[in-house]
Amino acid sequence: MRSEHQRQEHTSSYYAASANEKTNYPELKGAHQADVCIVGAGFTGVATALTLAERGYKVALIEANRVGWGASGRNGGQLIGGISGEHKIAEKFGKFAADTLWDMRWRGHEIILERVHQYNINCDLKMGYMDVASKPRQVRDLEKEAAWFQQRKFPYEYRVLSADETRETIATDAYVGGLLNMRNGHLHPLNLCIGEARAASHLGVQIFEQSVVTNVRHGAKARVETESGYVEADTVVLAGHVFHRLEQKRLSGTTFQAGSFILGTEPLPEETRREINPLDIAVCETNNIIDYFRLSADGRMLYGGRCNYSGRVPASITNAVRPRMLKIYPQLKNVRIDYEWGGSIGVVIRRIPMIGRIDNNIYYTQGYSGHGVNVTHIMGEMMADAIGGTMERFDLFAKMPQIRIPGGNYLGNQLVALGMLYYRIKDLL
């Protein structure tokens, strides 16, 4: 069977332009054996592969394009605690689930910090983050979150900021308050993904790039097939937005693609950087349809937003996003735009990550709804635990019912886009 997928190199993003190295793993050819075969070399696949390799498994990792090619290498680079939909899971399963999910909230941060140190990964990791509120009701929500932190004895610095304090911290009048959290942070996502893949490879993981998976044959020994070879494995992990194509009968219509777009300016003068972001923190709005921004390690404004659920890419990303940036920072009106790029985020209707397995040995995980840098690393560990027989955390997600929209991805995306109009209006109220 000939694949319709066209193999691609990285998009023309700031991250690709500033990557520490270009990966060049071989194409999958011929027959291979593994304990676990993972499809998709974004954060989920790479984190799962590295965790399994650290535990002694023989792992094969197959990527259709390049390591970190999709959302993992294109996102805003914001390291944010929490798992989307966690409150719904806690409501369903009670106190044990609530305590478990609290312990998991920043587990991805811990894994990343450990690996950056252990494997000497240069990814511009820096702690510091702020949620910002556009309306008084959002400030009240941030105050509730801070009270929750206090109740849980959160050990890191956090505090609610007034409108004046917010203005002093990020030099804009656009927001009426914020919640500073020094446990969250930001980083260069593509360099992190590439660095973790390198560490996995050194531990024996076989990584294959430019290898489009055409089929997964189920069985006691599953076979993951490409156009020029296959991997036979005891267990398969579908890590990323691949199961629409590979498991259409059972899983299509469950996750949808939201487009998000980012601008990278020229490096800003040091005086400007000190003015607009003296703490060098990442910033994210608390709307349903959000904008987010931060400074890169070399002083560029990386400004993201213009999220849509229709599947359409703006004719000009700069024309779509720049007015939003200038609304927050009019002082950047004469700054040159050096990079523009976009990508897709996997979104689940109920905003609960979609985790499960088919025929006992085909696992899948996807749909982090914008919290991917942290959550992918949690899921990588959770997948490794489940494969090893420890299912408690896995089952919290696998047992949550999901909504499946009939009509496939195209119709589903149109229905989701229609539904998001409600949330756009809600943001304005």
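Relevant structure appears above.
Structure report, in brief. Small disclaimer: the values here were computed from a predicted structure and weren't measured.

Locating Pro 189 in the fold gives a position in helix H8 (residues 189-202). What Pro 189 contacts, discounting residues up to four positions off in sequence, is Tyr 15, Phe 43, Ser 72, Asn 75, Gly 77 and Arg 294.

Position of Glu 209 relative to the elements: it lies in the loop between strand S7 (206-208) and strand S8 (213-217). Glu 209 gets classed as buried once you look at its relative accessible area, which sits at 0%. At 2.6 Å, the side chain of Glu 209 forms a polar contact with the side chain of Thr 23. A distance of 3.5 Å separates a polar atom in the side chain of Glu 209 from the backbone nitrogen of Asn 24. Not counting residues up to four positions away in its chain, the partners in contact with Glu 209 are Thr 23, Asn 24, Tyr 25, Pro 26, Glu 27, Leu 28, Glu 63, Asn 65, Arg 66 and Val 67.

Another point: the nonpolar core. Nonpolar side chains in soluble globular proteins generally cluster together in the buried interior. Grouped together as the largest cluster of nonpolar side chains are 65 residues, with contacts concentrated most on Ile 38, Val 67 and Phe 397. Looking at this core element by element, the count peaks at 9 residues for helix H13 (residues 372-387). With residues near it in sequence (within four places) discarded, Phe 397 still touches Ile 83, Ile 89, Leu 101, Met 104, Ile 352, Pro 353, Ile 355, Met 379 and Met 382. Core analysis: the second largest hydrophobic core is formed by 26 residues, Tyr 175, Leu 180, Val 321 and Met 325 among them.

This part is about the pattern of salt bridges. Inspection of the entire model under this criterion finds 27 salt bridges. Note that Glu 9 is salt-bridged to Arg 66, the shortest N-O span being 2.9 Å. Pair noted here: Glu 9 is in the segment before helix H1 (14-17) and Arg 66 is in the loop between strand S2 (59-62) and strand S3 (78-79), with a separation of 57 residues, a long-range link. In this structure, the salt-bridge partner of Glu 86 is Arg 105, at a minimum N-O distance of 3.0 Å. Linking Glu 86 in helix H3 (residues 86-93) with Arg 105 in the loop between helix H4 (95-104) and helix H5 (107-118), this pair joins segments that are 19 residues apart in sequence. The pair Glu 86 / Arg 105 is uniform in exposure class, with both members buried.

Cut-off values and rules
- Residues numbered from 1 in each chain as written.
- Predicted model: local features only at pLDDT ≥ 70, side-chain atom pairs only at ≥ 80, totals over all residues.
- Heavy atoms only, no water.
- Helix = DSSP H or I, 4+ residues; strand = E, 2+ residues; numbered from the N terminus.
- Contact = heavy atoms within 4.5 Å.
- Buried < 20%, exposed > 50% of the residue type's maximum accessible area, 1.4 Å probe, protein only.
- Polar contact = N/O pair within 3.5 Å; in protein donor to acceptor, adjacent residues only side chain to side chain.
- Core = buried A, V, L, I, M, F, W, Y, C linked by side-chain atoms within 4.5 Å.
- Salt bridge = Lys/Arg side-chain N within 4 Å of Asp/Glu carboxyl O.

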